[in-house]
2 protein chains.
Amino acid sequence: MISTGTRNLQHSMEKIIEQLKSILGDSGVLTGEDISIRSAGWGLSDNIAAKAILRPQSTEEVSHVLKMCHTANQTIVTHGGLTGLVRGSFSRENDIILSLERMNRIEEIDEINRTMTIQAGAVLQTVQETAETANLMFPLDLGARGSCTIGGNIATNAGGIRVIRYGMTRDLVSGLEAVLADGTIVSSLNKMIKNNSGYDLKQLFIGSEGTLGIVTRAVLRLQEQPKSQNTAFAAINSFGAVIAFLKLMHRELGGNLNAFEIMWRDFYRLVTTPPAKSQPPFSEEYPFYVLVESLGTDQVKDTEQFENALQQAITQSLLADAIITNSRSERNKLWQMRDDVGQLFRYGPVIIFDVSLAISDMEAYVDDVRRQLNDRWPGNHCFVFGHLGDGNLHIVVAPGIDDVKVRREIEKIVYSPLKAIGGSISAEHGVGIDKKPYLHHSRSEMEIDLMRRIKQALDPKNILNPGKIFD
Amino acid sequence: MISTGTRNLQHSMEKIIEQLKSILGDSGVLTGEDISIRSAGWGLSDNIAAKAILRPQSTEEVSHVLKMCHTANQTIVTHGGLTGLVRGSFSRENDIILSLERMNRIEEIDEINRTMTIQAGAVLQTVQETAETANLMFPLDLGARGSCTIGGNIATNAGGIRVIRYGMTRDLVSGLEAVLADGTIVSSLNKMIKNNSGYDLKQLFIGSEGTLGIVTRAVLRLQEQPKSQNTAFAAINSFGAVIAFLKLMHRELGGNLNAFEIMWRDFYRLVTTPPAKSQPPFSEEYPFYVLVESLGTDQVKDTEQFENALQQAITQSLLADAIITNSRSERNKLWQMRDDVGQLFRYGPVIIFDVSLAISDMEAYVDDVRRQLNDRWPGNHCFVFGHLGDGNLHIVVAPGIDDVKVRREIEKIVYSPLKAIGGSISAEHGVGIDKKPYLHHSRSEMEIDLMRRIKQALDPKNILNPGKIFD
């Protein structure tokens, strides 16, 4: 009996693969070793498991495939650039992967209305560079720019280093096209800034991590390229001064404030100590360091404005030390220091957190987390940095022990305090699988129930990215 | 039989009113004349029809009421400030109205994290003024500020005059609380700029015109108050020059560009001719007039920047004439001219349109609409103005005939061309009842189907604002 069952399963699987090949062509369907040689994603040691990897070339192909899978109750996991950090693209042997790697065309750039229409598999950096050729700018920017896709950015509502000025991915998308679980193509390729003709359907798909539909195309909003850039790096003696400095920069730079990044001393020390290549601009004696940047339209005037703001901060004794630059090479050095996250792995396996909380709660929260970690694992390393202007901290813990129980304990220490202070377990990385057990720290039962209602309405058979965000 | 039926109905209605009074108190339930003396809304000649007007004082009361109505299949229409323009708050004798007029508290202003938590019945102007007392700013601004409520702004995703800089209501709300049709309270009172812990539920309610839930509270994002303001008014000889001028201002003012309003000659003439009080800054000979404004952080430097940008536009022959001011009284005069929409009623009943479309399509579109109107009704008046920087035009037609057939014909002329060019029948006013017949000009069958799926998931009995947006 068992062997007959296995044969039937084998047979039905072969039949599905055959049907998929008839839709996508042989090169559109990968199986066997072509799957297992692929990495499961950035920072993961395992390779992909799946029944097949599909590589459609058009929205219509995606629709055909989904219709078929829907009828067959076949689960689908969508793949972009696989740079996520919460195992949001994880698949099992019985899943089929739909990769958008062959749907990466830039379809149109509209210079007058400042939009770009793309297929969702387009790589972020390609989009940025294409905008530049038209003297325009796609403001989304993050470390994974060279491999992450716009589809993935949309699925996770990616943030990055310019949110304070330009917003998250949600704010940079004016329209999108998605294929629903049953294969229905919903094209909402709106190009307009304002459109209140019925529900804003794109909002459903942005940030829903591939669980409500597969985003196939999008209209992106572009901006004029800035013509000036000013960057400063400051050492600060108290968190109160950091908060006051942020407010001062908001007030003095207005719409030009582009980044306000914080490093706690531990992170600063990490990225300015060999083998890290960056030289420390200041000594390690200060508790906080801030990288602040403005983008504007006139280098001379904006430098004056920026220096004037810094001068006010110094006069008000907010800064212990500061350097300021508008040279590209100096600026790059500062950002390379900030972005040298490879150093985080120096002390063995790490757990990467991405929380957000009110700025006024941050100091006490970080102190509390750190105290608990030190009490429990005296030899641990904990690094704290992030996008302070967005209320977003990255906390990276290297406990010195690679053990799943320890991981759970640390997660509890980091996530548990967030509920009482209205913080979020995920500022910009999403929930995926890794943060699923902690979703209730940030969202109520009623909220999660409503998410389930939406999921049920759009994907009643639960075939799209099953097991992600909530059960 | 009929009279028994009526008696039963009468009886069941009395029973409902009794139950409602037991929840809300006598003053919480208006009936009879207390309803019929109330106007149905701004610009409407009829008064309200409804079974009762409920005036809850807390989210819990809203929840109790909805639970009751849900069980009784009782339809509910939510009322804010009744300043909408698409009959989105229209009710019939059998509907119950839930007015948020007694839920207008400012609950908290958080100066450090720059948020304000309010009840949805709070009036926009009160919110603006409260923000000012903390040296902060709630950027949403529109003509109805003195009577429209934040709940209504959220329900319609209101736009207004600062969208180009600060975005629509959607961009200004960081969290909200809503009561679903069945009485479930979903509190997503998130205060953070970044929060990707599961679906962003607030997006469902923003812009859904009261059809998916009743918004009871919200967390608003505040901004630092600008410290400089510069305003210019320009006459322009061609639409190509208007587009080039907008691009130049985006490039030269960057994040400081706050408004870019256009008037076609007909509107300019209307608001500068008696009985209008404004004096015309220039002659009426030009086809286009633009009001442009920047908000910044340093009056001296920003005036220099603004003047320099204007000078470039003059050098490039984009402007036929221009005046520039940073005096409050001069600025107010320019805005009073722009805002003198009362003049629109000078030639009898009007039809007000609020469309959005690509800037590159605007000139041909307006010419085409105007040509059709003139061919059909030679004596008509048509006024065109709007938020050009947002791609949003208001077209106001006074045909000289008050006839529903004529109205339908004019609507067809204005809306029909939008489908081919991807425009929207509603940029910022919503759909309500008035634009429902034209929704298919802007949205596909698949999109409308998906809206219905969402509606069905959240309000399966269709008791919330029935008959609005789509059938």
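Structure: above.
Residues numbered from 1 in each chain as written. Chains lettered and ligands numbered in written order. Predicted model: local features only at pLDDT ≥ 70, side-chain atom pairs only at ≥ 80, totals over all residues. Heavy atoms only, no water.

Attention now goes to the packing of aromatic side chains. What the rule picks out here adds up to 30 aromatic pairs over all chains. Between Tyr268(B) and Tyr289(B), the ring centres sit 3.7 Å apart and the planes meet at 15 degrees, which makes this aromatic pair stacked. With Tyr268(B) in helix α10 (residues 265-271) and Tyr289(B) in strand β14 (residues 288-296), this residue pair connects regions lying 21 residues apart in the sequence. Comparing Tyr268(B) with Tyr289(B) shows no difference in burial state: the two are buried. Over the face of the ring belonging to Phe90(A) we find Arg87(A), whose NZ or CZ atom lies 5.6 Å from the ring centre. (Phe/Tyr/Trp six-rings, centres within 6.5 Å; stacked < 30°, edge-to-face > 60°. Helix = DSSP H or I, 4+ residues; strand = E, 2+ residues; numbered from the N terminus. Buried < 20%, exposed > 50% of the residue type's maximum accessible area, 1.4 Å probe, protein only. Lys NZ or Arg CZ within 6 Å of the ring centre and 35° of its normal.)

It is worth spelling out the nonpolar core at this point. Note that soluble globular proteins tend to have their nonpolar side chains buried in a common cluster. Membership of the largest hydrophobic core comes to 134 residues, with the highest contact counts inside it found for Phe138(A), Phe205(A), Leu458(A), Phe138(B), Phe205(B) and Leu458(B). In this structure, Leu458(B) is in contact with Leu450(A), Arg453(A), Ile454(A), Leu180(B), Ala181(B), Leu204(B), Phe205(B) and Leu212(B), ignoring residues within four places of it in sequence. (Core = buried A, V, L, I, M, F, W, Y, C linked by side-chain atoms within 4.5 Å. Contact = heavy atoms within 4.5 Å.)

Attention shifts here to the side chain of Arg170(A). Locating Arg170(A) in the fold gives a position in helix α7 (residues 169-172). Here the side chain of Arg170(A) touches Ile206(A) through a polar contact of 3.1 Å, landing on its backbone oxygen. Residue contacts for Arg170(A): discarding those within four places in its chain leaves Asn157(A), Gln203(A), Ile206(A), Gly207(A), Asp200(B) and Gln203(B). (Polar contact = N/O pair within 3.5 Å; in protein donor to acceptor, adjacent residues only side chain to side chain.)

Count 3.6 residues to each turn of an α-helix, and residues three or four apart come out pointing the same way. All names here are of chain A. The terminal C-alpha atoms of helix α3 (residues 59-71), which comprises 13 residues, lie 18 Å apart, in line with the 18 Å expected from a rise of 1.5 Å per residue. For α3, the set of buried residues is Thr59, Glu61, Val62, Ser63, Val65, Leu66, Met68, Cys69 and His70. Count one or two residues on from α3 and you reach Asn73, which has phi positive near 55 degrees. (Expected span 1.5 Å × (residues − 1).)

Before going further, it helps to spend a moment on the sheet that holds strand β17 (residues 381-387) of chain B. The strands that make up a sheet are held in pairs by hydrogen bonds between backbone atoms, and each pair lies either parallel or antiparallel. Residue and element names in this part refer to chain B. Ordered by their spatial adjacency, seven strands build an open sheet running β15-β12-β14-β13-β17-β18-β16, and the pairing between neighbours is antiparallel. Each of the sheet's edge strands pairs with one partner strand only, and the pair in question is β15 (321-325) and β16 (351-356). Along the sheet, successive strands turn relative to each other by an average axial angle of 15 degrees, direction set aside. As paired elements, β17 and strand β18 (residues 392-398) share seven bridges and run antiparallel to each other. Bridge assignment links Gly386 to a residue of β18, and that residue is Leu393. Its contacts with the sheet place helix α11 (residues 299-315) against β12 (228-236), β14 and β15, and it is angled at close to 15 degrees to β12. The strands touched by helix α14 (residues 404-420) are β16 and β18; relative to β16, the strand with the most contacts, the crossing angle is about 10 degrees. (Pairing = 2+ DSSP bridges. Axes fitted to C-alpha atoms, helices over the stretch in contact; angles between N-to-C directions.)

With an axial shift of 0.0 Å and an RMSD of 0.0 Å, the rotation relating chain B to chain A amounts to 180 degrees. Both chain copies can therefore be described as sitting about a two-fold axis. Residue Gly255(B), judged by its C-alpha, is the member of chain B lying nearest the rotation axis, at 2.1 Å. Interface overlap between copies: 100% of the residues of chain B at the interface are likewise at the interface in chain A, consistent with a symmetric, same-surface contact. (Least-squares fit on C-alpha atoms with pLDDT ≥ 70 in both.)

Counting residues at the interface gives 87 residues for chain B and 87 residues for chain A. The largest share of the area that chain B buries against chain A comes from Lys194(B), Asn196(B) and Tyr199(B), three residues that together contribute 15% of it. At the boundary of chain B with chain A, the tally comes to 14 salt bridges. With a closest N to O distance of 3.0 Å, Asp182(B) and Arg453(A) form a salt bridge. Put simply, chain B and chain A have 46 residue pairs in polar contact (both at pLDDT 80 or more) between them. Here the side of chain B that touches chain A takes nine residues from helix α16 (residues 445-458) of chain B, the largest share from any one element. A per-class count over the side of chain B that touches chain A returns 31 nonpolar, 34 polar and 22 charged. (Buried area = accessible area lost by both parts, 1.4 Å probe. Salt bridge = Lys/Arg side-chain N within 4 Å of Asp/Glu carboxyl O. Nonpolar A, V, L, I, M, F, W, Y, C, P; charged D, E, K, R; others polar.)

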